[in-house]
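Descriptive structure summary
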Amino acid sequence: MAKLSAEDRLDIIEIIARYSRCIDEPRWDDLPGLFAPDARVDCGPLGQFAGSEGIGNFVAVLRSVGQMMRHYTTNVTIEGDSERARAHVYVLALVGPRPGALQITTGFYEDELVKRDGRWLFSQRRVLLDMPG
Amino acid sequence: MAKLSAEDRLDIIEIIARYSRCIDEPRWDDLPGLFAPDARVDCGPLGQFAGSEGIGNFVAVLRSVGQMMRHYTTNVTIEGDSERARAHVYVLALVGPRPGALQITTGFYEDELVKRDGRWLFSQRRVLLDMPG
Amino acid sequence: MAKLSAEDRLDIIEIIARYSRCIDEPRWDDLPGLFAPDARVDCGPLGQFAGSEGIGNFVAVLRSVGQMMRHYTTNVTIEGDSERARAHVYVLALVGPRPGALQITTGFYEDELVKRDGRWLFSQRRVLLDMPG
């Protein structure tokens, strides 16, 4: 198995950014294409989702939030090889009804990714937000 | 046309960081050097600027803000080749009179870049801040 | 001296992220391993530390803070070669007793790094937080 190249690492960092763009701009129709067909999403209080139909439901749940969202991702650490990788990501989520009225939430993404046809996709994403209370 | 290399992608991410450093530390004298001679800046409510003289005016406008500024950039996605590229960037701007009194504003940069003499430069930057109201 | 490769730059960005993970998750036992044996840390009001024993004291001081911490790093700019490098980093620190009650502080890290046995380590870290007052 070849080792994770600089291109692989940058591609993984970029798909993590593209996920944020899909839910923030938003571009709901582009979101499912970031996941492998057998992917799983564990979104804590928002639920767990698996497979193409599950990802479709996940997108529907996110859409129904009906808030302005901005998800800043940093501190990406990656381990893996040229075919499979795990990434740990910091996310700073700003969510609210409008600019100037956004609540800040810290958290992490724990991701598993696979390369299919030369393209990295999420095979699993766990969303771990630091919720008050 | 050669494809965008890992070095190109890292260089582009780094010039985006250097722009923030120029306006935050600040290093006003270094800011024009990040732009191609025919560059354009669309800074929304702060105005539009083009060419070397325009960039000089842009710097003067930024200087006149007279506030402490911190511009955190993340979620950089890049498309292009070894000569020209487009980048989409998240910016989290913290601006105010002093530490502990900074207002947070979310936004994006939409950038076009060109490689001149082996160095990436902004040929266009659009500043899209999420302004309240 | 070989030039700083794309792998070097990504490795440096990643050790900067790993430092944040060590103090935020926290993983105190993993923190000393990010520093060269002769490393120095200048942490402003929290003190200055040098060498293996000093880094041990630094970790003890951080542990004693007893707060939830999240350190988001972005805008990394790096200069150097395949053996030694300097990095400038933006840090957005969110610190407080619990989620929903975190204070935001801006700041920079000014880092010097060395490659030992193929692995980048901090030889110096200066923490420059923008403190109110």
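Structural notes on the packing of aromatic side chains
With the rule as written, the count across this model stands at 24 aromatic pairs over all chains. Taken together, a centroid distance of 5.3 Å and an interplanar angle of 45° make the contact between Phe49 of chain B and Phe58 of chain B tilted. For the pair shown, Phe49 of chain B and Phe58 of chain B are each scored as buried. Connected via pairs of aromatic rings, a cluster forms that spans Tyr19, Phe35, Phe49, Phe58, Tyr109 and Phe122 of chain A. Lying over the aromatic face of Tyr19 of chain A, Arg125 of chain A brings its terminal NZ or CZ to 4.2 Å of the ring centre.

Digging into the sheet that holds strand 4 (residues 84-96) of chain C
Residues and elements named next belong to chain C. With respect to topology, six strands assemble into an open sheet ordered 2-1-6-5-4-3, the strand pairing being mixed. Looking along the sheet, the strands with just one partner apiece sit at the ends: strand 2 (48-50) and strand 3 (68-80). Pairwise comparison of adjacent strand axes, ignoring direction, gives a mean angle of 20° for this sheet. Note: strand 4 against strand 5 (residues 103-116), 12 bridges, orientation antiparallel. Bridged to Leu94 within strand 5 is Ile104.

With respect to the sheet that holds strand 3 (residues 68-80) of chain B
All names here are of chain B. Strands sit in the order 2-1-6-5-4-3 across an open sheet of six strands; the sheet is mixed. Strands with a single pairing partner mark the edges of an open sheet, and in this sheet they are strand 2 (48-50) and strand 3. Taking the axes of each pair of neighbouring strands and ignoring which way they run, one obtains an average angle of 20° across the sheet. With three bridges connecting them, strand 1 (residues 35-42) and strand 2 associate as antiparallel partners. Paired with Asp42 across the bridge in strand 2 is Gln48. Strands in contact with helix 1 (residues 6-24) are strand 1, strand 3, strand 4 (84-96), strand 5 (103-116) and strand 6 (119-129); relative to strand 3, the strand with the most contacts, it is inclined by about 160°. Each of strand 1, strand 2 and strand 3 is contacted by helix 2 (residues 51-65), which is oriented at about 140° to strand 2, the strand it contacts most.

What to know about the interface of chain A and chain C
Facing the 22 residues of chain A at the interface are 23 residues of chain C. Both sides together, the interface formed by chain A and chain C hides about 1,800 Å², and carbon and sulfur atoms give 60% of it. Scanning the region where chain A abuts chain C turns up four salt bridges. Between Arg18 of chain C and Glu79 of chain A there is a salt bridge, with its nearest N and O atoms 3.7 Å apart.

Structural notes on the packing of helix 1 of chain B against helix 1 (residues 6-24) of chain C
Relative orientation of the contacting elements helix 1 of chain B and helix 1 of chain C amounts to 45°, with a least axis distance of 9 Å. One finds that helix 1 of chain B runs oblique with respect to helix 1 of chain C. Of the two possible hands of crossing, helix 1 of chain B and helix 1 of chain C adopt the one that is left-handed. Of the residues in helix 1 of chain C, those touching helix 1 of chain B at Ala6, Glu7, Leu10, Asp11 and Glu14 of chain B are Ala6, Arg9, Leu10 and Ile13 of chain C.

A word on the environment of Leu121 of chain A
Residue and element names in this part refer to chain A. Looking at the element boundaries, Leu121 is found in strand 6 (residues 119-129). A residue is classified by how much of its surface remains accessible, and Leu121, at 9% relative accessible area, is buried. When neighbours within four sequence positions are excluded, Leu121 is seen to be in contact with Ile15, Gly33, Leu34, Phe35, Ala36, Glu112, Leu113, Val114 and Arg116.

Concerning the interface of chain C and chain B
Opposite the 22 residues of chain C that make contact, chain B presents 23 residues. A buried area of about 1,800 Å², summed over both sides, lies between chain C and chain B, and 60% of it is on carbon and sulfur atoms. Joining chain C to chain B, the criterion identifies four salt bridges. In this assembly, chain C and chain B are joined by 15 residue pairs in polar contact (both at pLDDT 80 or more). Mapped onto the side of chain C that touches chain B, the elements with two or more residues apiece are helix 1, strand 3, strand 4 and strand 5 of chain C. The greatest single-element share of the side of chain C that touches chain B, amounting to six residues, is contributed by strand 3 of chain C. Looking at side-chain class alone, the side of chain C that touches chain B contains 12 nonpolar, six polar and four charged residues.

Quick word on helix 2 of chain B
All names here are of chain B. The end-to-end C-alpha separation of helix 2 is 21 Å, in line with the 21 Å expected for 15 residues at 1.5 Å each. Those residues of helix 2 that sit buried are Gly51, Gly54, Ile55, Phe58, Val59 and Leu62. An end-on view of helix 2 places all buried positions within 145° of arc, on one side of the element. Seen from the buried face of helix 2, the exposed residues on the opposite side, beyond 90 degrees, are Ser52, Glu53 and Ser64. In the core, the buried residues of helix 2 are packed alongside helix 1, strand 1, strand 2 and strand 3. Where helix 2 terminates, the next one or two residues include Gly66, which has phi positive at roughly 65°.

Regarding unusual backbone geometry
Residue and element names in this part refer to chain A. Residue Pro26 follows Glu25 across a cis peptide bond; omega there is -20°. Structurally, Pro26 is set in the loop between helix 1 (6-24) and strand 1 (35-42). Positive phi, normally seen in glycine, also occurs at Asn75, with a value near 55°. Its location among the elements puts Asn75 in strand 3 (residues 68-80). Taking the relative accessible area as the measure of exposure, Asn75 reaches 5% and is therefore buried.

Conventions used here
- Residues numbered from 1 in each chain as written.
- Chains lettered and ligands numbered in written order.
- Predicted model: local features only at pLDDT ≥ 70, side-chain atom pairs only at ≥ 80, totals over all residues.
- Heavy atoms only, no water.
- Phe/Tyr/Trp six-rings, centres within 6.5 Å; stacked < 30°, edge-to-face > 60°.
- Buried < 20%, exposed > 50% of the residue type's maximum accessible area, 1.4 Å probe, protein only.
- Lys NZ or Arg CZ within 6 Å of the ring centre and 35° of its normal.
- Pairing = 2+ DSSP bridges.
- Helix = DSSP H or I, 4+ residues; strand = E, 2+ residues; numbered from the N terminus.
- Axes fitted to C-alpha atoms, helices over the stretch in contact; angles between N-to-C directions.
- Contact = heavy atoms within 4.5 Å.
- Buried area = accessible area lost by both parts, 1.4 Å probe.
- Salt bridge = Lys/Arg side-chain N within 4 Å of Asp/Glu carboxyl O.
- Parallel < 35°, antiparallel > 145°, perpendicular 65-115°, else oblique.
- Left-handed = near helix turned anticlockwise from the far one by under 90°.
- Polar contact = N/O pair within 3.5 Å; in protein donor to acceptor, adjacent residues only side chain to side chain.
- Nonpolar A, V, L, I, M, F, W, Y, C, P; charged D, E, K, R; others polar.
- Expected span 1.5 Å × (residues − 1).
- Arc of directions from axis to C-beta.

Taken by themselves, the reported measurements are silent on function.
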